[in-house]
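# Structural overview
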Amino acid sequence: MSVLPEVLAANDTYAAEFGERGSLALPPARGFAILTCMDARLDPAKYAGLSEGDAHVIRNAGGRASDDAIRSLVISYKLLGTKEWFVIHHSDCGMEFFTDEVIRGLLANSLETAALDETGFHDVGTGPGSQEAAYIDWLTISDQAGAVVDDVRRIRNHPLVPARIPIYGYVYDVTTGRLVEIPEATKVGATA
Ligand SMILES: [Zn+2]
């Protein structure tokens, strides 16, 4: 069963009530960007109080400062004028539950969805898999707060990122909905 009909029905309702949002400007009205995880429990519009047109939200697995996340952030300030950035990881992130070695092994075995239990991910498929996973840095996380600091530092030190943009580091608590600051990250991300 596909979710396609549900998604299209929801969009019909949304578009029917779209109203003034059709005339929003392209640059984000509130001038900021959030880099955060794709985790389905996180809704940046809700946890950070965003409406359409307010801010850029860049998402990937882990909310990591990958080359592509930095590409988006650079476009965000250089062409669209954002002035403050947030890196927001979260508790209970799936990226803490495997390593490059594990996901490479799973994908080498098969392309089926792996099973997760208390001892970790296990491949339940029959092959073929692919060795291509060996060429990807999966940017897994062993220490959540440390990863926020690492990502803020990478963005801060990037030659295409101006020193005037403050970068704040937070971990979203999936059990309370609260943003918990990582002071070391915010310190590293401070403006020069
Ligand atoms: Zn996550």
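First, a word on what this report is: a plain description of the structure on this page. Small disclaimer: the values here were computed from a predicted structure and weren't measured. For every chain, the first residue of its written sequence is number 1, and the numbers climb from 1 along that sequence. Under the rules for a predicted model, residues below a pLDDT of 70 receive no local features and side-chain atom pairs below 80 are neither given nor counted, while totals for whole chains, interfaces and linings still include all residues. Side-chain numbers here rest on the full set of heavy atoms in the structure, without hydrogens or water.

### Details of the overall build of the protein
- Starting at the N terminus, helices and strands are each numbered in turn, a helix being any DSSP run of H or I of at least four residues and a strand any DSSP run of E of at least two. Across its full length, the protein carries six helices and seven strands.
- For the protein, the α and β elements follow one another from N to C terminus as α-β-α-β-α-β-α-β-β-α-β-β-α.
- A principal-axis box enclosing the C-alpha atoms of the protein has dimensions of 50 × 45 × 35 Å.
- Relative accessibility decides the category of a residue: with a 1.4 Å probe and only protein chains considered, values under 20% of the type maximum give buried, values over 50% give exposed, and everything between is partly exposed. The proportion of buried residues among the 192 residues of the protein is 35%.
- The contact rule is simple, with two residues in contact once any of their heavy atoms fall within 4.5 Å. Considering only residue pairs separated by 6 or more positions, the protein has 63% of its internal contacts joining residues 24 or more positions apart.
- Accessible surface, the protein: about 11400 Å² in total, of which carbon and sulfur atoms supply 57%.
- Think of it this way: Lys and Arg go in the positive column, Asp and Glu in the negative one, and His and the chain ends go nowhere. A charged residue contributes its charge at one atom only: NZ of Lys, CZ of Arg, CG of Asp or CD of Glu. Measuring between centres, the 16 positive side-chain charges of the protein sit 11 Å from its 27 negative side-chain charges. To be clear on the numbers: accessible area is Shrake-Rupley with a 1.4 Å probe, and residue cover counts the displayed protein chains and nothing else.

### Focus: the environment of C93
- Its location among the elements puts C93 in the loop between β3 (84-90) and α4 (100-109).
- As a C-alpha pair, C93 and T140 span 47 residues in sequence and 9.7 Å in three-dimensional space.

### Quick word on the nonpolar core
- Ranked by internal contacts, the top residues of the largest apolar core, which has 22 residues, are L35, W85, V87, V148, V152 and I155.
- Secondary-structure elements contributing two or more residues to this core are β1 (32-37), α3 (67-78), β3, α5 (144-156), β6 (167-172) and α6 (183-188).
- Take this core: its biggest share by element is five residues, from α3.
- Not counting residues up to four positions away in its chain, the partners in contact with L35 are I58, N60, G63, R64, A65, A69, F86, V87, I88 and I155. Only buried residues count toward a nonpolar core, which is a set of Ala, Val, Leu, Ile, Met, Phe, Trp, Tyr and Cys residues joined through side-chain atoms within 4.5 Å.

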